[in-house]
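# Close look at the chain arrangement
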Amino acid sequence: MSRGIATPRPYMELLTVTAASVRAEDTVLENRNPDAVRVRRQRRDALGALGWRLRYSDPRSARQPERTFYGSYADAVRELADFERTATAATVAPTVRLKAITLQEWAIEWLRMRRWKHAPSGAFAGERRPHSTFAKERSIVEAYLLPGLGPQTKLRAITLRGLREWIGGLTLLDDRGVRGDQPMAPSSKTTVANVVKLFFRDATRELGLSPNPAAGLPTTWGTDTSDRRILVPNLGRVEELACALDEAWPLPGWAEGLYGPNGEGRGDIVRLLAFSGMRWEESAAMPSGLVHRADKLMTVRYTATESGGKRVWVDGTKTGAGERHIVIVPQLHDVIDRLDAVRARGLELEAERAGRRAVRGGRTPVAPPSGSWSLLVSGERGGFVSYGQWRKKLATAREASGVDLTAHELRHVAASILYAALGADWSTIKEQMGHKSAQETERIYVHVFRGDRARVARMLGAKIEELRQDGTESPSPHQW
């Protein structure tokens, strides 16, 4: 039931267009510059269907449920009527279902809903949630929530106190998948708690669960320094790890002649992360074309995540910081040239390789839209480097060298170098590291960099100079 008559409203967006691109249906808001006219325009989907916002007032819950629909106005009116009728029916007697539904039953229903960021509706085909996000939520529900709270426990029997005790006492799984005695890191508990909040928030909306037992869960679960250890980086040790990876993960046979003067190969991935500050998923998606040698900059625009063996290409970065430009330090010149030489050799051989694949019926490697050999760090057959292979080879190199640095800690090495050079210039460090705000950068790293800044700066300067003297001239010095 609703107050008054609910009608679809146009789903508007604000755009900046040229004067020549202004449409008859646009509402012009600002027209001072013919190359930058601000207009309000009704949104359309990929097929050109108009967007509508469907909303009605529900006096039972005092809420205004809302959803998006693409199609004609007449279709939107029918869709709104169906939406209101379905939602109203669901709120008539939610306690009937709520009395009997178990955690496992709600989990099946909830995960089915969570597959969609925007569910299909009418002419709108829907928009799926990123696979990595859905896979994380599903794994937390299946590995932690259901075993921890009991799959047959009634949903309405869960209490805030029970959730706090359960999350607070979470421990890690061992290699056999059995829960051990080692406490889970606070950051991991926070991740679990965030998914639990979504789980019960939707139960409140869909089933009428009241009160929401997860509404009062803490936002933090202790101080977590496990993944941000104090790293006053010994760059010699970083190089030892890189050399160990060169040994553990040789270049493919067709790139045999492309090793560096000291045998540098796949270890250049370690060097790239340590001196650029990129996240692994950013380095795995870095197109060679976004390396600007003349400006000594790399543009970070894309990410490539992998979850459950499925590669997800994202036009965007992990945080809300968006596209950013990373300064290329001199220690990276040779590294980038070597990585790009491997990529270029693979591209030269691709026509022959594709012919053999066609004869054998082999599969084409998963690659970004820009092409199989467009990435600076390319897989052995083109496309993306496998995250599983990278982790396995890095683990082998860590064991062989005794240098216990993860890919994420290599990123912190870069942050340490920035801090040593710039001090507490959080805004500049933020730009290189890709955080959303300078406050976030300070929150992450301020406890890491307490101490004698001058001593750290002297040590880092000496180590960088030592590494520079050990290298050779870039194979293409005119490009840098």
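Given the structure is predicted, the values throughout are model-derived calculations rather than measurements. (Residues numbered from 1 in each chain as written. Predicted model: local features only at pLDDT ≥ 70, side-chain atom pairs only at ≥ 80, totals over all residues. Heavy atoms only, no water.)

### Some points on the overall build of the protein
To keep things clear, this is the line we draw: Helix and strand definitions follow DSSP, with helices as H or I runs of at least four residues and strands as E runs of at least two, each counted in order from the N terminus. Between buried and exposed lies partly exposed: a residue is buried under 20% and exposed over 50% of the maximum accessible area for its type, with that area taken using a 1.4 Å probe on protein chains only. By the convention used here, residues are in contact when the closest approach between their heavy atoms is within 4.5 Å. Per-residue accessibility takes into account occlusion by the displayed protein chains alone, with areas from the Shrake-Rupley method and a 1.4 Å probe.
Of regular secondary structure, the protein possesses 15 helices and 15 strands. For the protein, the proportion of its 480 residues judged to be buried stands at 42%. Considering only intrachain contacts with a sequence separation of at least 6, the fraction spanning at least 24 residues in the protein is 62%. Approximately 25,100 Å² of the protein is accessible, and the part contributed by carbon and sulfur atoms is 51%.

### What about the sheet that holds strand S2 (residues 12–17)?
Filter applied, for reference: Strands are treated as partners if at least two bridges between them are detected by DSSP. Here an angle of 0 to 180 degrees is reported between the N-to-C directions of two axes, which are lines fitted to C-alpha atoms, with helices fitted over the stretch in contact.
Strand order in this open sheet of three strands is S2-S4-S3, and the pairing throughout is antiparallel. Two strands in the sheet have a free side with no partner beyond their single neighbour: S2 and strand S3 (27–33). Each neighbouring strand pair of the sheet contributes to a mean axis angle of 15°, computed without reference to strand direction. Alignment of S2 against strand S4 (residues 36–42), held across six bridges, turns out to be antiparallel. Bridge pairing in S4 links Thr 16 to Arg 38.

### Concerning the packing of helix H4 (residues 131–149) against helix H6 (residues 186–207)
So the rule is basically this: Working definition: roughly parallel below 35 degrees, roughly antiparallel above 145 degrees, roughly perpendicular at 65 to 115 degrees, and oblique for all remaining angles. Residue classes follow a fixed rule: Ala, Val, Leu, Ile, Met, Phe, Trp, Tyr, Cys and Pro count as nonpolar, while Asp, Glu, Lys and Arg count as charged, and any other residue, Gly among them, counts as polar.
At their nearest, the axes of H4 and H6 sit 10 Å apart, and the two run at 95° to each other. By the angle between their axes, H4 is roughly perpendicular relative to H6. Of the residues in H6, those in contact with Lys 136, Glu 137, Ile 140, Val 141, Tyr 144 and Leu 145 of H4 are Thr 191, Val 192, Val 195, Val 196, Leu 198 and Phe 199. Partitioned by chemical class, the residues of the contact of H4 with H6 number nine nonpolar, one polar and two charged.

### A look at the packing of helix H3 (residues 103–114) against H6
Contact pair H3 / H6: the axes reach a minimum separation of 11 Å and the direction vectors enclose 95°. Relative to H6, the element H3 is oriented roughly perpendicular. Contacts from Leu 103, Trp 106, Ala 107, Trp 110, Met 113 and Arg 114 of H3 reach H6 at Val 195, Leu 198, Phe 199, Phe 200, Arg 201, Asp 202, Ala 203, Glu 206 and Leu 207. Of the residues belonging to the contact of H3 with H6, the class tally is eleven nonpolar, no polar and four charged.

### Points about the confidence of the model for the protein
This is how it is decided: pLDDT is defined as a per-residue confidence score from the predictor, taking values between 0 and 100.
Chain-level pLDDT for the protein is 81 on average; 79% of the residues reach the 70-or-more range. Below pLDDT 50 for its whole length, residues 224–232 participates in 27 contacts with residues either more than four positions away or in separate chains. Low confidence marks residues 471–478, where pLDDT is under 50. Its contacts with residues over four positions away, or in another chain, come to nine contacts.

### Comments concerning the pattern of salt bridges
Short version of the rule: What counts as a salt bridge is simple: a side-chain nitrogen of Lys or Arg found within 4 Å of a carboxyl oxygen of Asp or Glu.
Evaluation of the coordinates by the stated rule reveals 23 salt bridges. With its nearest N and O atoms 2.7 Å apart, the salt bridge here joins Glu 137 to Arg 114. Of this pair, Glu 137 sits in helix H4 while Arg 114 sits in helix H3, placing them 23 residues apart in sequence. Taken individually, Glu 137 and Arg 114 each receive the classification buried, so the pair is uniform in this respect. In this structure, the salt-bridge partner of Asp 337 is Arg 293, at a minimum N-O distance of 3.0 Å. Of this pair, Asp 337 sits in helix H10 (residues 333–360) while Arg 293 sits in the loop between strand S11 (291–292) and strand S12 (297–300); the two residues are 44 residues apart in sequence, bridging distant segments of the chain. Taken together, the salt bridges that share partners define one network made up of Glu 239, Asp 246, Asp 268, Arg 271 and Arg 338.

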